[in-house]
Amino acid sequence: MPTFSRVLVANRGEIAVRIFRTLRELGIEAVAVYSDADRGALHTRVADEAFRIGRGPAEESYLRGDVIIDTALRAGVSAIHPGYGFLAENAPFARAVEAAGITWIGPPASAIELMGSKTEARTAMKAAGVPIIPGATEPVRTSAAVVELGADIGYPLIIKAAAGGGGKGMEIVTDPTGVVQAFEAAQRQGLRYFADDTVYVERYLEEPRHVEAQILADGHGTVLFLGERDCTIQRRHQKLIEETPSPAVDDALRARIGEIAVNAARAAGYRSAGTIEGLLTRDGEYFFMEMNTRIQVEHTVTELVTGLDLIREQILIAQGEPLSLRQEDVILRGHAIECRINAEDVGKGFLPAPGLITEYEEPSGPGVRVDSGVRAGDEISGLYDPMIAKLIVHDTNRETARRRMLRALAEFRISGPPTLLGFHAALLTEPCFVDGGTCHGHVESQELAQRANEMTETFTHQATNVQRASDRVALRERVVSVEVEGRAFDVRVHSTEPPWASLARRRRDRRDVGAGSASGAVVSPMQGIVLSVAVADGDAIETGGVICVIEAMKMENEITAQHPGIVRSIAIAPGQSLSNGQLICLLAGEG
Ligand code: MV4
């Protein structure tokens with residue numbers, strides 16, 4: 001049995017950090033990769049080693065399968081975990097990883113490929129007796145064929161891109177007159193997003209719930225069902241809140257969903273962790289919609305009710321081990337809810353709002369888990385997903401879990417960009433959510449956006465009070481004379497420093513000990529990258545004149561002359577990395 005000694009995670013942010021935690025528990029070395037935009041990001045700091053994959057634009061770095069495989073070979077890893085997104089569901093990449101002699105921690109490329117084509121997946125599932133959403137399994141090539149199907153299965157219909165998924169390239173048709181326009185729109189979107197204009201047709205289900213099933217499959221014939229997740233609360237096909245169990249699923253329905261999910265996984269020849277996405281109608285009918293052949297963002301709620309570590313299971317399965325538990329050992333305990341805390345402006349239609357996180361304090365206490373890829377002082381980049389953190393709670397039942405989530409949301413303190421904290425608090429107190437309804441129409445409503453705003457203000461106020469007690473490291477002391485009822489008092493006032501004060505202080509300190517010692521050598525006071533060099537050999541420079549700029553911890557630091565002199569022997573160039581104490585130049589003159 002191969003056991004991994006070193007694993008590379010081809011992803012960033014919270015999922016990379018999440019996977020590193022499990023690797024550490026397993027005694028496996030963790031290797032991070034980072035784009036130029038992620039230099040110094042948390043996932044690179046918590047890994048054992050981090051490799052730059054900066055070739056081409058930073059938004060594409062994590063998509064460069066060739067660069068990642070080269071890096072994995074250079075790093076000498078035994079396996080690659082792709083996280084979710086980016087390369088996780090890319091069959092050619094999975095094949096290329098294996099061809100390079102590296103183990104792919106994920107499903108067989110053939111299963112990724114099958115599920116990547118929604119029409120082929122529907123065909124295979126139908127053949128396996130898995131109930132698919134009624135409609136055609138073959139692609140529809142003409143709008144006339146859509147009209148024919150409409151006469152057969154009735155309206156409304158939905159036209160979906162065959163290469164799509166997650167809601168991109170979907171068009172609803174309510175009667176034959178709308179067919180041509182919808183057909184062409186779905187084709188166009190398929191082409192634009194997935195470079196494939198193949199589309200297919202399903203009956204449009206009114207106000208369904210999105211209920212998905214988590215499975216685990218090993219290479220020895222065991223397939224486990226780990227319960228369902230309800231992801232009905234979405235906005236523009238972006239999931240916002242996920243929970244398990246679903247408020248709409250009873251034991252009998254759960255057993256049926258489990259059977260469907262296990263059959264689907266077996267029919268796909270699946271191995272690793274996977275998710276069967278399905279729709280649940282108001283009449284309690286459950287249909288297969290698509291399969292996600294990766295670990296998902298919301299896997300955390302399943303972890304809390306099963307007590308399992310799904311990433312660990314993925315790794316053990318990839319090592320060829322048989323699953324250590326049977327279906328009867330899977331016990332679903334209590335209720336878990338996840339809220340995605342995005343840097344988005346609810347008032348501006350959930351516009352992503354990248355920016356610097358100036359203050360950051362996570363909630364904790366009973367039943368609270370936070371999966372995040374940032375800390376205070378980090379930046380939410382505009383190049384990637386604007387998710388700051390996932391806040392997940394676990395409790396004995398749905399109502400106690402809901403209240404626990406409200407408590408945890410109120411404890412969470414994030415300053416800098418606007419976040420969804422207030423939105424979630426507003427939504428979790430809506431009667432539709434309290435009742436376990438679908439909340440269709442509520443998520444997008446103006447009333448909710450308004451209440452979200454008010455909730456945000458409440459949070460900001462509470463957070464300020466919490467701050468005073470917790471930020472001891474950045475306290476400033478001032479003595480103020482006050483007079484109370486004719487008596488003078490000296491009062492010591494402790495107030496927090498503004499976020500930039502400690503940075504400014506450190507920078508001052510560095511400058512004091514840094515450039516220009518008596519020996520005439522100017523050395524770097526920090527580890528960093530040379531951004532620019534402001535002087536040339538032979539230049540005369542005055543005290544305070546800029547020699548160069550070094551980037552460290554995303555801050556630009558000017559290195560200045562501590563005395564007048566002539567610059568000699570410049571030893572640095574832009575782009576070069578510098579270690580602490582490394583020579584920058586000589587400064588000849590009075591010391
Ligand atoms: C559907 C549907 C109704 N009928 N398919 C697909 C991707 C996912 N993000 C939403 N999808 C839907 N597919 C058929 N045949 C309705 C949706 C849908 C939805 C489903 C459950 C919960 C919320 C939803 C929000 C928008 C669309």
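Throughout what follows, the structure given in this document is the object of discussion.

Calculation criteria
Residues numbered from 1 in each chain as written. Predicted model: local features only at pLDDT ≥ 70, side-chain atom pairs only at ≥ 80, totals over all residues. Heavy atoms only, no water. Core = buried A, V, L, I, M, F, W, Y, C linked by side-chain atoms within 4.5 Å. Buried < 20%, exposed > 50% of the residue type's maximum accessible area, 1.4 Å probe, protein only. Helix = DSSP H or I, 4+ residues; strand = E, 2+ residues; numbered from the N terminus. Contact = heavy atoms within 4.5 Å. Patch = residues over 30% accessible without salt bridge, like charges linked within 9 Å, V, L, I, M, F, W, Y side chains within 5 Å. Areas by Shrake-Rupley, 256 points an atom, 1.4 Å probe, with all protein chains shown as cover. Salt bridge = Lys/Arg side-chain N within 4 Å of Asp/Glu carboxyl O. Expected span 1.5 Å × (residues − 1). Pairing = 2+ DSSP bridges. Axes fitted to C-alpha atoms, helices over the stretch in contact; angles between N-to-C directions. Disulfide = S-S within 2.5 Å. Near = heavy atom within 4 Å. Polar contact = N/O pair within 3.5 Å; in protein donor to acceptor, adjacent residues only side chain to side chain. Nonpolar A, V, L, I, M, F, W, Y, C, P; charged D, E, K, R; others polar. Phe/Tyr/Trp six-rings, centres within 6.5 Å; stacked < 30°, edge-to-face > 60°. Lys NZ or Arg CZ within 6 Å of the ring centre and 35° of its normal. Parallel < 35°, antiparallel > 145°, perpendicular 65-115°, else oblique. Left-handed = near helix turned anticlockwise from the far one by under 90°.

Let us look at the nonpolar core. Of all hydrophobic cores here, the largest spans 39 residues; its most connected members are Ile241, Tyr360, Ile388, Leu391, Phe412 and Phe423. Within the residue set of this core, elements represented by two or more residues are strand S16 (335-342), strand S21 (368-372), strand S23 (387-395), helix H12 (398-411), helix H13 (421-428), helix H14 (431-434) and helix H15 (446-470). The greatest single-element share of this core, amounting to six residues, is contributed by H13. Excluding anything up to four places from it in sequence, phenylalanine 412 contacts Ile341, Tyr360, Glu361, Glu362, Pro363, Val370, Ala389, Leu391 and Leu421. Counting residues in each nonpolar core, the second largest holds 31 residues, with Val7, Val9, Phe20 and Ile295 among its members.

On to a nonpolar patch on the surface, then. Taken together, the side chains of Val482, Val484, Phe489 and Val491 define a hydrophobic patch exposed on the protein surface, amounting to about 270 Å² of accessible area. Only strand S25 (475-484) and strand S26 (487-496) provide two or more residues apiece to the nonpolar patch. With respect to the helices and strands, the residue valine 484 is situated in strand S25.

For the rest of this paragraph, the subject is unusual backbone geometry. It is generally the case that most residues other than glycine have a negative phi and that most peptide bonds are trans. For the peptide bond that leads from tyrosine 155 to proline 156, omega is -5 degrees, which places it in the cis range. Examined against the element boundaries, proline 156 turns out to sit in the loop between helix H7 (143-153) and strand S6 (157-165). Backbone torsion omega between threonine 244 and proline 245 reads -5 degrees, so that peptide bond is classified as cis. Relative to the helices and strands, proline 245 is located in the loop between strand S13 (241-244) and helix H9 (251-267). One non-glycine residue, histidine 237, lies in the positive phi region at around 65 degrees. Considering the arrangement of structural elements, one finds histidine 237 in the loop between strand S11 (234-235) and strand S12 (238-239). With a relative accessible area of 40%, histidine 237 lands in the partly exposed category. Backbone geometry at phenylalanine 350 places phi at a positive 60 degrees, although glycine is not the residue there. With respect to the helices and strands, phenylalanine 350 occurs in the loop between strand S17 (344-345) and strand S18 (351-352). Phenylalanine 350 sits in the buried class, given a relative accessible area of 10%.

Compared with the 24 Å implied by 1.5 Å per residue over 17 residues, the 24 Å span of H9 between its first and last C-alpha is a close match. Regarding H9, the residues found buried are Leu253, Arg254, Ile257, Gly258, Ile260, Ala261, Val262, Ala264 and Ala265. On its buried face, H9 sits against helix H6 (118-127), strand S9 (209-217), strand S10 (223-230), strand S14 (272-280) and strand S15 (286-292). Positive backbone phi, approximately 65 degrees, marks glycine 269, located one or two places after H9.

A word on the pattern of salt bridges. Counted according to the given criterion, the structure contains 41 salt bridges. Aspartate 395 is the partner of arginine 404 in a salt bridge, and the nearest nitrogen-oxygen pair spans 3.5 Å. On the basis of relative accessible area, aspartate 395 is assigned to the buried category, the value being 17%. A salt bridge links arginine 451 to glutamate 430; the nearest nitrogen and oxygen atoms lie 2.9 Å apart. In this pair, arginine 451 is assigned in helix H15 and glutamate 430 in the loop between H13 and H14, connecting sequence segments 21 residues apart. By relative accessible area, which is 25% here, arginine 451 ends up partly exposed. Residues participating in the shared-partner salt-bridge network are Glu212, Arg229, Lys239, Glu242, Glu277, Glu298 and Arg340.

Read from one edge of the open sheet, five strands run S3-S2-S1-S4-S5, paired in parallel fashion. The open sheet terminates on both sides in strands that have one partner only, identified here as strand S3 (49-52) and strand S5 (103-104). Pairing of strand S2 (residues 29-34) with S3 involves four bridges; the strand directions are parallel. Its bridge partner lying in S3, valine 31 is registered against glutamate 49. Relative to strand S1 (residues 6-9), helix H1 (residues 13-25) is tilted by about 170 degrees, and along the sheet it contacts S1, S2 and strand S4 (79-81).

Right, let's get into the state of the cysteines. Per the stated rule, a full pass over the model turns up one disulfide. Of the cysteine sulfurs around cysteine 231, a residue in no disulfide, the closest is that of cysteine 339, at 12 Å. Of the residues examined, cysteine 231 reaches a relative accessible area of 0% and is grouped as buried. Of all cysteine sulfurs, the one in cysteine 585 lies closest to cysteine 548, which takes part in no disulfide; the gap is 7.5 Å.

Right, let's talk about the site of the ligand for a bit. Surveying the vicinity of the ligand reveals 19 residues, the closest of which are Lys160, Glu202, Arg203, Leu205 and His237. At 3.0 Å, a side-chain N or O of lysine 160 approaches a nitrogen atom of the ligand. At 2.9 Å from a nitrogen atom of the ligand is found a side-chain nitrogen or oxygen belonging to glutamate 202. Compared with its free state, where it exposes 540 Å², the ligand has 90% of that area covered by protein. Listed by contribution, the elements that provide at least two residues to the shell around the ligand are S6, strand S8 (199-203) and S9. Taken together, the residues that form the shell around the ligand break down as eight nonpolar, seven polar and four charged.

Turning our eyes to something else, we now look at the environment of serine 61. Tracing the backbone shows serine 61 in the loop between S3 and helix H3 (65-75). Spatially, the C-alpha atom of serine 61 lies 52 Å from that of valine 479, the residues being 418 residues apart in sequence.

Read across the open sheet, the four strands follow the order S27-S34-S32-S29; overall the sheet is antiparallel. Where the open sheet ends on each side, the last strands, each with one partner, are strand S27 (521-523) and strand S29 (540-541). As paired strands, S29 and strand S32 (residues 565-568) are joined by two bridges and run antiparallel to one another. Across the sheet, alanine 540 pairs through a bridge with isoleucine 566, a residue of S32.

Before going further, it helps to spend a moment on the packing of aromatic side chains. Counted under the stated rule, the structure contains seven aromatic pairs. With centroids separated by 6.1 Å and ring planes inclined at 55 degrees, the aromatic side chains of tyrosine 193 and phenylalanine 194 adopt a geometry described as tilted. Exposure remark for tyrosine 193: the relative accessible area of 40% places this residue in the partly exposed category. Phenylalanine 194 gets classed as partly exposed once you look at its relative accessible area, which sits at 27%. Among the aromatic side chains, those forming a connected cluster through ring pairs are Tyr62, Phe86 and Tyr384. Sitting above the plane of the tyrosine 193 ring, arginine 192 keeps its charged end 5.1 Å from the centroid. Across from the ring centre of phenylalanine 433, 4.4 Å away, lies the NZ or CZ of arginine 398, which sits over that ring.

With that settled, consider the packing of H12 against H13. Taken N-terminus to C-terminus, the directions of H12 and H13 make an angle of 155 degrees; their axes are 10 Å apart at the nearest point. With respect to H13, the element H12 is oriented roughly antiparallel. Note that H12 runs across H13; the crossing there is left-handed. Every residue of H13 that contacts H12 at Arg402, Met405, Leu406 and Leu409 is listed here: Leu421, His424, Ala425 and Leu428. A class-by-class count of the residues in the contact of H12 with H13 yields six nonpolar, one polar and one charged.

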